[in-house]
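Understanding the architecture of this molecule
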Amino acid sequence: MKSPSQTNAIDFDSAKLQRLGFGQQPPLLERPVSLAQLRQALGLQLQTSLEPQRILGLFFREIQRLVPLDALNYEHQPSDLRLQFGARGHHSISYSLSHEGEQLGELVFRRNQRFSEQEQGNLESLLSTLLFPMRNALLYRAATQSALRDPLTDTGNRIAMDQTLEREIEMSRRHSQPLSLLMLDIDHFKHINDTYGHSAGDEVLKAVAASIKNQLRNVDMVFRFGGEEFMILLSNTSREAAAMVGERLRFATQAQDYEAEGKMIELTVSIGCSTLLPGESAESLLRRADSALYVAKREGRNRLAMAG
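The present account deals with the structure reproduced in this document.

Cut-offs applied
- Residues numbered from 1 in each chain as written.
- Predicted model: local features only at pLDDT ≥ 70, side-chain atom pairs only at ≥ 80, totals over all residues.
- Heavy atoms only, no water.
- Helix = DSSP H or I, 4+ residues; strand = E, 2+ residues; numbered from the N terminus.
- Buried < 20%, exposed > 50% of the residue type's maximum accessible area, 1.4 Å probe, protein only.
- Contact = heavy atoms within 4.5 Å.
- Areas by Shrake-Rupley, 256 points an atom, 1.4 Å probe, with all protein chains shown as cover.
- Pairing = 2+ DSSP bridges.
- Right-handed = clockwise from strand over helix to strand, strands pointing away.
- Core = buried A, V, L, I, M, F, W, Y, C linked by side-chain atoms within 4.5 Å.
- Salt bridge = Lys/Arg side-chain N within 4 Å of Asp/Glu carboxyl O.
- Axes fitted to C-alpha atoms, helices over the stretch in contact; angles between N-to-C directions.
- Parallel < 35°, antiparallel > 145°, perpendicular 65-115°, else oblique.
- Nonpolar A, V, L, I, M, F, W, Y, C, P; charged D, E, K, R; others polar.
- 1 Å grid on protein atoms, 1.4 Å probe; cavity = no way out; pocket = protein on both sides within 12 Å on 5 of 7 lines; lining within 4 Å.
- Points joined across faces, edges and corners; volume = space filled by probe spheres on them.

Take the overall build of the protein next. Secondary structure summary: the protein contains 10 helices and 12 strands in total. Within the span of the protein, comprising 308 residues, buried residues form 48% of the whole. Long-range pairs, those at least 24 residues apart, make up 65% of the contacts in the protein between residues at least 6 apart in sequence. Surface summary for the protein: the accessible area is close to 15,800 Å², and the carbon and sulfur share equals 48%.

On to the pairing of strand 11 (residues 269-275). In terms of burial, strand 11 is a largely internal element, seven of the seven residues being buried. With burial as the criterion, each face of strand 11 is covered, one bearing V269, I271, C273 and T275 and the other bearing S270, G272 and S274. Alignment of strand 6 (residues 179-186) against strand 11, held across seven bridges, turns out to be antiparallel. Counted as the bridge partner of I186 is V269 from strand 11. By the bridge criterion, three bridges tie strand 11 to strand 12 (residues 304-306) in an arrangement that is parallel. Residue pairing for strand 12: I271 is matched across the bridge by L304. The β-α-β motif built from strand 11, the intervening helix 10 (residues 282-298) and the parallel element strand 12 has left-handed crossover chirality.

Our next topic: the nonpolar core. Ranked by internal contacts, the top residues of the largest apolar core, which has 31 residues, are F59, Y74, L107, F109 and L130. Tallying contributions element by element places helix 3 (residues 52-63) first for this core, with six residues. What F109 contacts, discounting residues up to four positions off in sequence, is F59, I63, L69, A71, L72, H91, S92, I93, Y95, F115, L123 and L127. Of all hydrophobic cores here, the second largest spans 30 residues; its members include F189, L205, V208 and L249.

Before going further, it helps to examine the pattern of salt bridges. Taken as a whole and assessed by the stated rule, the structure comprises 17 salt bridges. Note that R167 and E168 form a salt bridge whose closest N and O atoms lie 3.7 Å from each other. Since its relative accessible area comes to 14%, E168 is described here as buried. In this structure, K297 and D185 form a salt bridge, with 2.6 Å as the shortest nitrogen-oxygen distance. Of this pair, K297 sits in helix 10 while D185 sits in strand 6, placing them 112 residues apart in sequence. Via salt bridges that share partners, R61, E62 and R65 belong to a single interconnected network.

Mapping S98 onto the fold places it in strand 4 (residues 91-99). Relative accessible area serves as the criterion here: at 6%, S98 is assigned to the buried category. It is 7.4 Å that separates the C-alpha atoms of S98 and L131, two residues lying 33 residues apart in sequence.

Their axes nearest at 7 Å, the elements helix 7 (residues 189-196) and helix 8 (residues 198-214) cross at an angle of 140°. By the criterion of interaxial angle, the relationship of helix 7 to helix 8 is oblique. Mapping the contact onto sequence places F189, I192, N193 and Y196 in helix 7 and H198, A200, G201, V204 and L205 in helix 8. The residue inventory of the contact of helix 7 with helix 8, partitioned by class, reads six nonpolar, three polar and no charged.

For the rest of this paragraph, the subject is the environment of L58. Mapped onto the elements, L58 comes out in helix 3. For L58, a relative accessible area of 15% corresponds to the buried category.

Further remarks concern the layout of surface pockets. Picture a little ball the size of a water molecule; that probe, rolled over the atoms, points out where space is still empty. By volume, the largest pocket amounts to about 1,300 Å³. Forming the boundary of the largest pocket are 34 residues, of which D80, R141, Q145, R149 and M221 lie nearest the centre. When contributions to the lining of the largest pocket are tallied by element, the ones reaching two or more residues are helix 3, strand 3 (81-86), helix 5 (131-147), helix 6 (158-174), helix 8 and strand 7 (221-224). No other element matches the five residues that helix 6 contributes to the lining of the largest pocket.

It is worth spelling out the sheet that holds strand 11 at this point. Pairing within the open sheet is mixed, and its five strands lie in the order 7-8-6-11-12. Each edge of the open sheet is held by one strand with a lone partner, namely strand 7 and strand 12. Ignoring strand direction, the axes of neighbouring strands in this sheet form an average angle of 20°.

What follows deals with the pairing of strand 7. Side chains of strand 7 alternate between two faces, with M221 and F223 and V222 and R224 buried alike. Both strand 7 and strand 8 (residues 229-235) contribute to a ladder of four bridges, which runs antiparallel. Its bridge partner lying in strand 8, R224 is registered against F230.

Written out as structure tokens, the structure reads:
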């Protein structure tokens, strides 16, 4: 029997999957009487979606007709995707999914009882049904994320910002939680471009974006709002807490080293902060943060200003 924490690499090519009998298969049965029937049914059903969560949720539910499980965990580091179904178990088996050298993530099965040799064999056979659906889902996810990312700074773009802001405002109202927004602008950025060139300016933008992301929680979101402006969306964050985050960002970006043509660039940022008011629109929230940013610049830059 394999140890509870053993990692296994699953790598089937297309020809091997054809030999295993995949293709147009019947839909899921109410009570599959064999491994072959369940595998054939999953081979079709898992390809009906391009959402990783839906695919893995269906897979987790259906394979328990043969192998009872307490939990399934999935992680794909390149796309920062982590999914969990069920509760944790004392025993686990982990698999590294791949197809023709392409890594498709790590999958962990958990339960409180040890897995028998037959159950492990069943799981490994059923895993083959996941390869093509997960590969397609990850490709679709990458394409979607690319369309919503700023290619230079690897932050969200304006399209992503508009979509996310509307969603977060709705969630804030539904759960009665605060929502705050920071508008950050690099001081005298035009001088950097004029003095050292646009390539140096691009490096500064990337460094500032990385510095911002390093100071935030996983649930916080960063977007490139304009040329040298970034918007930071802070979910479940009050006005006072947002001010503390803003000051932390200001000090962190100022403390970082920036270099061009062998010379150090002294850099500061100005920040405007607004917190969602009852019944306020996304446009109003953005406008108040932008107005606060203008106040910070007017009063001498390198500071944070709070919207009234």
